[in-house]
Amino acid sequence: MDDYLWVLKDDELDLVRELEPKRLKALDEDDLLDLHRRVRRARNKHVKNYRRKAARNVEELGARGKAAPKGGKSRWRAAAFEEALSVVSGRLAHVAHVQAEALKDERLAQARAGKSSGPGSSDRPGGTKVGPGRARSHQKTTGGKKRDASTRAQGARRQGKRDSR
């Protein structure tokens, strides 16, 4: 990445300076996510600019091979931010893995101590236990309330016809 720094502007250099190992180690996962987002946006911007310029050059020169050498600075900027993104992504992956392992160890410790917060846990919010409730009464249905109501109404109409004879 140091090979490309001469191409970057001051605000872009400030963003790249945030990738120094000392500064990266001080960041937590949320800060790393924010930095990752900013570097990715800068990379996408420069890749887009390079591709657009190369596309214009292809129209002028008539061949992609002739157009490629023309986009020097924009290609180097894109390459610089590509490397920067890989640095941030690697650090973010490491920090996320460490935090996931810590959370896993914490949950395993709680499970071993019998303080699980899973579905079978006896601890309820508020400290009260839920009673068994009332038993459900089974109703025979054909698959829907509207259909059942229609069937009952049809039966009532038939009965009404018989009664009126």
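Just so we're clear, the structure is a prediction, and the values are computed from it rather than from any experiment.

S.K.: Pulling in residues and values, what's your account of the nonpolar core?
M.R.: Within the largest apolar cluster, 17 residues are counted, with the highest numbers of intra-cluster contacts made by Leu 8, Leu 15, Leu 19, Leu 35, Val 39 and Phe 81. Elements with a contribution of two residues or more to this core: α1 (10–17), α3 (29–61) and α5 (72–112). Per element, the largest residue contribution to this core is seven residues, and it comes from α5. Excluding residues within four positions of it along the chain, Leu 8 makes contact with Leu 13, Val 16, Arg 77, Ala 80 and Phe 81.

S.K.: Explain the side chain of Glu 12 to me, and be specific about the residues and the numbers.
M.R.: Structurally, the position occupied by Glu 12 is in helix α1. Residue Glu 12 is classed as buried on the basis of its relative accessible area, which comes to 8%. If sequence neighbours within four positions are ignored, Glu 12 has contacts with His 46, Arg 77 and Phe 81.

S.K.: So, a positive patch on the surface: which residues are in play, and what are the values?
M.R.: A cluster of like positive charges, contributed by Lys 9, Lys 45, Lys 48, Arg 52, Lys 53 and Arg 56, occupies part of the molecular surface. Mapped onto the elements of the fold, Arg 56 is located in helix α3. The exposure class assigned to Arg 56 is partly exposed, which follows from its relative accessible area of 48%.

S.K.: Outline α5, supporting the account with residue identities and numerical values.
M.R.: Given a rise of 1.5 Å per residue, 41 residues ought to cover 60 Å, and the 60 Å separating the end C-alpha atoms of α5 matches this to within 8%. Buried residues of α5: Gly 72, Ser 74, Arg 77, Ala 78, Ala 80, Phe 81, Ala 84, Leu 85, Val 88, Leu 92 and Val 95, and no others. Looking at the buried side of α5, the elements it contacts are α1 and α3. Of the residues trailing α5, Gly 114 is marked for its positive phi of about 80 degrees.

S.K.: Requested: an account of the side chain of His 46, with residues and values cited.
M.R.: On the secondary structure map, His 46 appears in helix α3. A distance of 2.7 Å separates polar atoms of two side chains, one belonging to His 46 and the other to Glu 12. Ignoring sequence-local partners within four residues, the contact set of His 46 consists of Glu 12, Ser 74, Arg 77, Ala 78 and Phe 81.

S.K.: I'd like to hear about the pattern of salt bridges, residue by residue, with values.
M.R.: Per the stated rule, a full pass over the model turns up six salt bridges. The shortest N-O distance in the salt bridge between Arg 38 and Glu 18 comes to 2.8 Å. Of this pair, Arg 38 sits in helix α3 while Glu 18 sits in the loop between α1 and α2 (21–26), and the two are 20 residues apart along the sequence. Relative accessible area serves as the criterion here: at 29%, Arg 38 is assigned to the partly exposed category. Measuring nitrogen to oxygen at the nearest pair gives 3.2 Å for the salt bridge that ties Glu 82 to Arg 43. Taken together, the residues span a long stretch of sequence, with Glu 82 in helix α5 and Arg 43 in helix α3 at a distance of 39 residues. Within the structure, one salt-bridge network assembled from shared partners comprises Glu 18, Asp 34, Arg 37 and Arg 38.

S.K.: Summarise the layout of surface pockets; cite the residues concerned and give the values.
M.R.: Rolling a probe over the atoms, with the probe sized like a water molecule, indicates the empty space that remains. For the largest pocket, the calculated volume is near 150 Å³. If you list the elements that add at least two residues to the lining of the largest pocket, you get α1 and α3. Counting residues per element, the lining of the largest pocket draws most heavily on α3, at five residues. Broken down by class, the residue content of the lining of the largest pocket amounts to three nonpolar, one polar and six charged.

S.K.: Which residues make up the environment of Lys 45, and what are the values?
M.R.: As for its placement among the helices and strands, Lys 45 is situated in helix α3. With 36 residues separating them in the primary sequence, Lys 45 and Phe 81 have C-alpha atoms 9.7 Å apart.

What counts, and at which threshold
- Residues numbered from 1 in each chain as written.
- Predicted model: local features only at pLDDT ≥ 70, side-chain atom pairs only at ≥ 80, totals over all residues.
- Heavy atoms only, no water.
- Core = buried A, V, L, I, M, F, W, Y, C linked by side-chain atoms within 4.5 Å.
- Buried < 20%, exposed > 50% of the residue type's maximum accessible area, 1.4 Å probe, protein only.
- Helix = DSSP H or I, 4+ residues; strand = E, 2+ residues; numbered from the N terminus.
- Contact = heavy atoms within 4.5 Å.
- Patch = residues over 30% accessible without salt bridge, like charges linked within 9 Å, V, L, I, M, F, W, Y side chains within 5 Å.
- Areas by Shrake-Rupley, 256 points an atom, 1.4 Å probe, with all protein chains shown as cover.
- Salt bridge = Lys/Arg side-chain N within 4 Å of Asp/Glu carboxyl O.
- Lys, Arg positive; Asp, Glu negative; His and termini not counted.
- Charge placed at Lys NZ, Arg CZ, Asp CG, Glu CD.
- Expected span 1.5 Å × (residues − 1).
- Polar contact = N/O pair within 3.5 Å; in protein donor to acceptor, adjacent residues only side chain to side chain.
- 1 Å grid on protein atoms, 1.4 Å probe; cavity = no way out; pocket = protein on both sides within 12 Å on 5 of 7 lines; lining within 4 Å.
- Points joined across faces, edges and corners; volume = space filled by probe spheres on them.
- Nonpolar A, V, L, I, M, F, W, Y, C, P; charged D, E, K, R; others polar.

Purely geometric stuff here, so don't read any function into it on its own.
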